[in-house]
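Take a look at the letters that make up each chain.
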Amino acid sequence: MMRLAAVVALTMLVAVPSLAGVTLTVERDEAVCRGSEYDNVNLHPYTYDPNDTGLHVGSWSSMDEIARSYLAFDLSPLDGQPSVVDARMYVYLKELMGTGAEPIDAYLAGDSWTETTITWNNAPPPVGAALDSNGGPFAGGQWFSWDVTSAVVSQLAGDKALTVVLREENESFSIHSWKYFVEEEHTTTNKAYLDVTCAPGLPAFALVGAVPIIGCVARKLRRR
Ligand SMILES: [Ca+2]
Ligand SMILES: [Ca+2]
């Protein structure tokens, strides 16, 4: 008679609940500005007029100002989920000054900035080509969105922190097209958010470590 026993260690796969749609609210946001009056100042808080809050994007011709806005999202709730197939960033425009016909582009940017220190000069620059462009026409009291799928996918595979910067496509001191988007610390509603769609019907699996099991026990009996 021969006994054969072996202990096999396997890494167990455990299904993770699949989230078909995920909404992630903006984590922090801030505008930066260059030009005559607010050149390279931190706009948090907005000390010039406390009632005049918002994420500024666009150009103000009579004041020679240009503004961009930075929005950061924590992608860690998406970790372990099925493939991201679509991700759109929604930002609410509360007021428009001037024309709403100037397109606004969304770019990926670095994450090394804070609301209380970011300025035009130290802001992380836009990276690569525009993720998406929204041609408007912009008008107050509406949501506007940008397709940021590729940035969500790349940052989810990396540091799981996403920064998007919105900037006017044709930044110019000769255009009057100033937008006040809703800024998160000044409101309880209409905060910017990401609407993320994951691949449907594909449960994700997480590795939960080595689990020892008795893999094989065999007994061979000698024929008599
Ligand atoms: Ca802010
Ligand atoms: Ca990042």
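Predicted model only: the values in this text are computed from it and were never measured.

Turning next to the overall build of the protein chain. When you go through the protein chain residue by residue, the secondary structure sums to one helix and 13 strands. Helices and strands in the protein chain line up, N terminus first, as β-β-β-β-β-β-β-β-β-α-β-β-β-β. For the protein chain, buried positions account for 33% of its 224 residues. When contacts within the protein chain are restricted to residue pairs at least 6 apart in sequence, those whose partners lie at least 24 apart make up 85%.

For strand β11 (residues 177–181), the buried fraction is high: five of the five residues fall into the buried class. A two-sided burial pattern is seen for β11, the buried positions comprising S177, K179 and F181 on one face and W178 and Y180 on the other. As paired elements, strand β4 (residues 55–60) and β11 share three bridges and run antiparallel to each other. Bridging from a neighbouring strand, L55 pairs with F181 of β11. In terms of strand pairing, strand β6 (residues 84–98) meets β11 through five bridges, oriented antiparallel. The partner of E95 across the bridge, within β11, is Y180.

Looking now at helix α1 (residues 149–156). Residues of α1 that are buried include every one of A151, V152, Q155 and L156, and no others. All buried residues of α1 lie within an arc of 125° about the axis, which places them on one face of the element. In this structure, the buried side of α1 is in contact with β6, β7 (104–109), β8 (127–134), β10 (161–168) and β12 (193–198).

Attention now moves to the environment of Q81. Following the sequence through the fold, Q81 ends up in the loop between β5 (65–74) and β6. In sequence terms Q81 and A20 are 61 residues apart; their C-alpha atoms lie 8.9 Å from each other.

Tracing the sequence through the fold places A87 in strand β6. Between the alpha carbons of A87 and V153 there is a distance of 8.8 Å; along the sequence they are 66 residues apart. Each residue touching A87, except ones within four places of it in the same chain, is listed here: V148, T149, V152, L194 and V196.

Another point: the nonpolar core. Across soluble globular proteins, nonpolar side chains show a tendency to be buried alongside one another. By size, the foremost hydrophobic cluster in this structure holds 50 residues, and its most contacted members are Y70, M89, V148 and V164. In contact with V164, not counting residues within four places along its chain, are L71, M89, A106, Y107, L108, A109, V148 and A151.

This part takes up the environment of S36. Looking at where S36 falls in the secondary structure, it is placed in the loop between β3 (28–35) and β4. Given 11 C-beta atoms within a 10 Å radius, S36 is considered exposed.

Criteria and cut-off values
- Residue indices follow the written sequence of each chain, beginning from 1 at its first position.
- Just so you know, chain letters begin at A and ligand numbers begin at 1, following the order they were written in.
- In keeping with the predicted nature of the model, local features appear solely for residues at pLDDT of at least 70, side-chain atom pairs appear and are counted solely at 80 or more, and the whole-chain, interface and lining totals rest on all residues.
- Think of it this way: any DSSP run of H or I at least four residues long counts as a helix, any run of E at least two long counts as a strand, and we number them from the N terminus.
- Once C-beta atoms are placed from the backbone, each residue is buried if 20 or more other C-beta atoms lie within 10 Å of its own, exposed if 12 or fewer, and partly exposed for counts between those two.
- What counts as a contact here is a pair of residues whose C-beta atoms, placed from the backbone, lie within 7 Å.
- Note: two strands are recorded as paired if DSSP finds a minimum of 2 bridges between them.
- Throughout, the arc means that of the directions going from the helix axis to the C-beta atoms.
- Nonpolar core, as used here: buried Ala, Val, Leu, Ile, Met, Phe, Trp, Tyr and Cys residues forming one set through C-beta atoms within 7 Å.

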